[in-house]
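# Working through the structure, step by step
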Amino acid sequence: KAGVTQTPRYLIKTRGQQVTLSCSPISGHRSVSWYQQTPGQGLQFLFEYFSETQRNKGNFPGRFSGRQFSNSRSEMNVSTLELGDSALYLCASSLGPSGGYTFGSGTRLTVV
Amino acid sequence: GIQVEQSPPDLILQEGANSTLRCNFSDSVNNLQWFHQNPWGQLINLFYIPSGTKQNGRLSATTVATERYSLLYISSSQTTDSGVYFCAVKTGANNLFFGTGTRLTVIP
């Protein structure tokens with residue numbers, strides 16, 4: 001059974017650009033969550049999707065957005081990148097909102 | 001939101017030693033998981049344990065939900081156990097909240 005797949009693994013972008021990250025959940029999982037990890041702030045929740053609907057949203061500016069497709073794959077987009085957006089972005093999937101979470105390998109974004 | 005505190009923040013062990021990591025949380029939870037973050041950043045799920053006790057090889061975990069804490073036991077530690085251990089909890093329909101982690105270093 002394939003795990004949670006995140007692409008790309010590494011990304012370097014310039015300030016002001018935008019970026020799209022992708023997450024394919026475990027087959028049959030309908031819930032996808034996104035987290036940002038930085039050395040200073042730890043693991044912070046971005047948003048959670050279930051059956052194409054955003055269920056929860058963390059305390060991040062509107063530059064951070066996401067969506068989920070009918071096949072449960074999810075994308076997150078960050079526009080007008082800032083240096084502080086450099087982080088490891090982790091995606092997790094679960095069967096539903098009350099189940100255990102399985103994480104992908106993450107996308108390491110560097111903004112220069 | 002719910003507060004999640006992990007202790008100790010750092011732990012250095014000799015290979016073969018045992019250790020106990022603690023996670024305290026401030027509210028009732030319906031999901032508690034322990035993760036090990038490997039050097040490449042991936043969070044490896046160790047236990048899904050909102051209550052009770054589970055064991056998996058050299059690792060075991062106990063959650064006492066009524067007293068709002070969970071313990072992760074590592075026995076006969078190996079160098080490959082090094083990394084950061086996170087406790088994460090969830091209340092109701094909210095998202096998963098992470099503690100600040102325990103950084104474990106096992107020296108040969």
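Please read all numbers here as calculations on a predicted model, not as lab measurements. (Residues numbered from 1 in each chain as written. Chains lettered and ligands numbered in written order. Predicted model: local features only at pLDDT ≥ 70, side-chain atom pairs only at ≥ 80, totals over all residues. Heavy atoms only, no water.)

### Overview of the overall build of chain B
The test is simple: Here a strand is any run of E in DSSP of at least two residues, a helix any run of H or I of at least four, and the numbering for each starts at the N terminus. Both definitions apply: the radius of gyration is a C-alpha atom measure, and the globule rule equals 2.2 Å times residues to the power 0.38. Buried residues are those whose accessible area, probed at 1.4 Å on protein chains only, stays under 20% of the maximum for their type, while exposed residues exceed 50% and partly exposed ones sit between those limits. For the accessible areas, the method is Shrake-Rupley and the probe is 1.4 Å, while residue cover comes only from the protein chains on display. Under the convention used here, Asp and Glu are negative, Lys and Arg are positive, and both His and the chain ends fall outside the count. Lysine's charge is taken at NZ, arginine's at CZ, aspartate's at CG and glutamate's at CD.
Helix and strand counts for chain B stand at zero helices and eleven strands. Of the regular secondary structure in chain B, the N- to C-terminal order runs β-β-β-β-β-β-β-β-β-β-β. For chain B, whose C-alpha radius of gyration is 13 Å, the value lies close to the compact-globule estimate of 13 Å for 108 residues. Taken across its 108 residues, chain B has 48% of its residues classed as buried. By element, 49% of the accessible surface of chain B is carried by carbon and sulfur atoms, the whole surface being about 5,100 Å². Each charge class in chain B was averaged separately, 6 positive and 6 negative side chains, and the resulting centres sit 7 Å apart.

### Some remarks on the interface of chain A and chain B
Just so we agree on the cut-off: Any pair of residues with heavy atoms lying within 4.5 Å of one another is described as a contacting pair. In this description, buried area is defined as the sum, over both parts, of the accessible area (probe of 1.4 Å) that is lost when the two are combined. One side-chain nitrogen of Lys or Arg within 4 Å of one carboxyl oxygen of Asp or Glu is enough to make a salt bridge. N or O atoms within 3.5 Å of each other form a polar contact, as long as, within protein, one can give a hydrogen and the other can take it, and as long as residues adjacent in sequence are counted only when both atoms are side-chain atoms. All residues other than Ala, Val, Leu, Ile, Met, Phe, Trp, Tyr, Cys, Pro, Asp, Glu, Lys and Arg, Gly among them, are scored as polar; the first ten of these are nonpolar and the last four charged.
Across the boundary between the two partners, chain A contributes 19 residues, which contact 17 residues of chain B. For the pair chain A and chain B, the two sides together bury roughly 1,500 Å², of which 48% comes from carbon and sulfur. Across the chain A-chain B interface, the total number found is zero salt bridges. The interface formed by chain A and chain B holds six residue pairs in polar contact (both at pLDDT 80 or more) in total. Where the side of chain A that touches chain B is concerned, the elements lending two or more residues are strand 4 (31–38), strand 5 (42–50), strand 6 (53–57) and strand 9 (87–94) of chain A. Here the side of chain A that touches chain B gets three residues from one element, more than from any other, and that element is strand 5 of chain A. A per-class count over the side of chain A that touches chain B returns eight nonpolar, seven polar and four charged.

### Quick look at the side chain of Ser60(B)
Relative to the assigned elements, Ser60(B) resides in strand 7 (residues 59–64). Here Ser60(B) is in contact with Phe47(B), Lys54(B), Gln55(B), Leu71(B), Leu72(B) and Tyr73(B), once residues within four sequence places are set aside.

### Digging into the sheet that holds strand 1 (residues 5–7) of chain A
Residue and element names in this part refer to chain A. For clarity, the cut-off: At least two bridges found by DSSP between two strands is the condition for calling them paired. A fitted line through C-alpha atoms represents every axis, and for helices the fit uses only the stretch in contact; the resulting angles, taken between N-to-C directions, go from 0 to 180 degrees.
Pairing is antiparallel in the open sheet, where four strands are placed in the order 1-3-8-7. This sheet does not close on itself; its edge strands, each paired only once, are strand 1 and strand 7 (64–68). Ignoring strand direction, the axes of neighbouring strands in this sheet form an average angle of 15°. Across five bridges, the pairing between strand 3 (residues 19–24) and strand 8 (residues 74–78) is antiparallel. The residue of strand 8 that forms the bridge with Ser22 is Glu75.

### Side note on the state of the cysteines
Between two cysteines, a covalent bond joining their sulfur atoms is known as a disulfide. Worth spelling out the cut-off: Sulfur atoms of two cysteines make up a disulfide when they are within 2.5 Å.
The final tally for this structure, using the stated rule, is two disulfides over all chains. Each sulfur in the disulfide pair Cys23(A) and Cys91(A) lies 1.7 Å from the other. Here Cys23(A) and Cys91(A) share a disulfide; its torsion about the S-S bond, -55°, makes the bridge left-handed. Placement of the pair is Cys23(A) in strand 3 and Cys91(A) in strand 9, with a sequence separation of 68 residues. Residue classification places Cys23(A) among the buried residues on the basis of a relative accessible area of 0%. Across the disulfide, Cys23(B) is cross-linked to Cys87(B) (sulfur-sulfur distance 2.0 Å). One quick way to see it: the torsion about the S-S bond of Cys23(B) and Cys87(B) is about -55°, and its sign makes the bridge left-handed.

### Notes on the pairing of strand 5 of chain A
All names here are of chain A. Sheet topology places strand 4 next to strand 5; eight bridges connect them, and they run antiparallel. Within strand 5, the position partnered with Ser31 by the bridge is Phe50. Hairpin connection from strand 4 to strand 5: three residues lie between these consecutive antiparallel strands. Where strand 5 lies against strand 6, four bridges are found, and the strand directions are antiparallel. Counterpart to Phe50 in the pairing with strand 6 is Thr53.

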